[in-house]
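What follows is each chain in one-letter form.
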Amino acid sequence: MSKPEPIIEFFFDCSSPWTYLAFRNLQPLAARQNMAIAWRPVLVGGIFNAVNAGVYAAREDWNSAKNRYILKDVQDCARDIGVVMHFPPKIFPVNSVKAMRSCLWIAQDPVAQPKLLAFIEAVFAAYFTGQEDISKDEVIASICGRVGIDAEACLAGMTLPPIKDQLKANTDEAMRRGAFGSPTFFIGEDMYFGNDRLPLVEAAVRRAASV
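This is a predicted model, so every value here is computed, not measured. Sequence order sets the numbering: in each chain, residues are counted from 1 along the sequence as written. Per-residue local features are limited, in this predicted model, to residues with pLDDT of at least 70; the limit for side-chain atom pairs, both in listing and counting, is 80 or more; totals at the level of whole chains, interfaces and linings are taken over all residues. In computing side-chain properties, one takes all heavy atoms of the structure into account and sets aside hydrogens as well as water.

1. Points about the state of the cysteines
Pairs of cysteine sulfur atoms within 2.5 Å are what we label disulfides. Inspection of the entire model under this criterion finds zero disulfides. The thiol of Cys 14 is unpaired, and the distance to the nearest cysteine sulfur, on Cys 103, comes to 4.7 Å. In this structure Cys 154 is not part of a disulfide, and its nearest cysteine sulfur, from Cys 144, lies 3.7 Å away.

Quick look at the structure:
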């Protein structure tokens, strides 16, 4: 029996700026290594609440030296790959549950599925570049229109119990495997966290492909 082909599992939430950068950077990495990506939407707020509540305290003072540097760092990284990044001042953090359920519905719908990556990119850009509130139905509908997805079908699909259950299952699975935030990558059971760990992800991909 032949061994299964290795893949990169990408557990992600569109409310995270670092995840936007990782989403952009992971795709050329996977293409270089001829490796498939499994797109695994999660609800990062659920992860924080369960296993990483300290993140909320860390965000309380955005004027601290560390947080000022974090904001600069994300802008530097965004500029390097041509992403215009803004933190929406009135809607950060945002409730991303509708966007992430939409990703799951699109991924399983045969008509919409080819436009999944365009939808994910458009959600990130709507929030971090356009400063739109991705928690609102009308914003999700507008994003669907931009990428050619039936907005009415998506808004209905994201409310289906199996879609809701799958988002919870993905989130629970990520935590069970050790995740504490987004973006989280797995090569088999080898976990990496953060956009800045992508060089290590690529090295792990090469190792997995050579076994």
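Don't stop here, the text continues.
2. Here we look at the nonpolar core
What we call a nonpolar core is a set of buried Ala, Val, Leu, Ile, Met, Phe, Trp, Tyr and Cys residues that are connected through their side-chain atoms within 4.5 Å. Remark: exposure states derive from per-residue accessible area (1.4 Å probe, protein chains only) relative to the maximum for the residue type, with buried under 20%, exposed over 50%, and partly exposed in between. The biggest cluster of nonpolar side chains holds 56 residues, and the ones touching the most others in it are Phe 10, Phe 119, Ile 134 and Ile 149. Under the DSSP-based scheme used, a helix requires at least four consecutive residues in state H or I and a strand at least two consecutive residues in state E, with every element numbered from the N terminus. Considering each element in turn, this core owes the most residues, nine residues, to helix H6 (residues 116-128). By the convention used here, residues are in contact when the closest approach between their heavy atoms is within 4.5 Å. Excluding residues that lie within four positions of it along the chain, Ile 149 makes contacts with Trp 105, Ile 106, Ala 112, Lys 115, Phe 119, Cys 144 and Cys 154. Phe 11, Val 42, Ile 47 and Ala 174 belong to the second-largest nonpolar core, a separate cluster that totals six residues.

3. Some thoughts on the environment of Arg 101
Looking at where Arg 101 falls in the secondary structure, it is placed in helix H5 (residues 97-108). You can call Arg 101 partly exposed: its relative accessible area is 21%. Taking C-alpha positions, Arg 101 is 5.1 Å from Met 158, a pair spaced 57 residues apart along the chain. What Arg 101 contacts, discounting residues up to four positions off in sequence, is Met 158, Ile 163, Lys 164 and Leu 167.

4. A few points about a nonpolar patch on the surface
In this analysis, a patch consists of residues with relative accessible area above 30% that form no salt bridge, clustered at 9 Å for like charges and at 5 Å for the nonpolar side chains Val, Leu, Ile, Met, Phe, Trp and Tyr. Only the protein chains shown count as cover for residues, and all accessible areas are computed by the Shrake-Rupley method using a 1.4 Å probe. The term salt bridge refers to a side-chain nitrogen of Lys or Arg lying within 4 Å of a carboxyl oxygen of Asp or Glu. On the surface, a cluster of nonpolar side chains totalling about 240 Å² of accessible area is made up of Val 51, Phe 180 and Phe 193. On the secondary structure map, Phe 193 appears in strand E4 (residues 190-193). For Phe 193, a relative accessible area of 32% corresponds to the partly exposed category.

5. A word on the side chain of Thr 184
If you trace the backbone, Thr 184 turns up in strand E3 (residues 184-187). A distance of 2.8 Å separates the side chain of Thr 184 from the backbone oxygen of Gly 181, its partner in a polar contact. Not counting residues within four places of it along the chain, the set of residues in contact with Thr 184 comprises Glu 9, Phe 10, Phe 11, Ala 179, Met 191, Tyr 192 and Phe 193. We define a polar contact as two N or O atoms separated by no more than 3.5 Å, with the added condition that, inside protein, one atom must be a possible hydrogen donor and the other a possible acceptor, whereas residues neighbouring each other in sequence contribute only through side-chain atom pairs.

6. Focus: the pattern of salt bridges
Applying the stated criterion across every chain yields a total of 14 salt bridges. The partner of Arg 177 in a salt bridge is Glu 9, with the nearest N and O atoms 2.8 Å apart. Residue Arg 177 is found in the loop between helix H9 (161-176) and E3, and its partner Glu 9 is found in strand E1 (residues 7-12); the two are separated by 168 residues along the sequence. There is no split in this pair, since Arg 177 and Glu 9 are both buried. Where Lys 98 meets Asp 137, a salt bridge forms, and the shortest distance between an N and an O atom there is 2.8 Å. With Lys 98 in helix H5 and Asp 137 in helix H7 (residues 137-147), this residue pair connects regions lying 39 residues apart in the sequence. By sharing partners, the salt bridges in this structure join Glu 9, Arg 40, Glu 173, Arg 177 and Glu 189 into a single network.

7. Quick notes on unusual backbone geometry
Note on backbone geometry: most residues besides glycine have negative phi, and most peptide bonds are trans. Cis geometry marks the peptide bond from Ser 182 to Pro 183; its omega dihedral reads 10 degrees. Its identity is not glycine, yet Asn 34 carries a phi of approximately 55 degrees, on the positive side. Phi at Gln 131 takes a positive value of approximately 55 degrees, unusual for a residue other than glycine. When you line up the elements, Gln 131 lands in the loop between H6 and H7.

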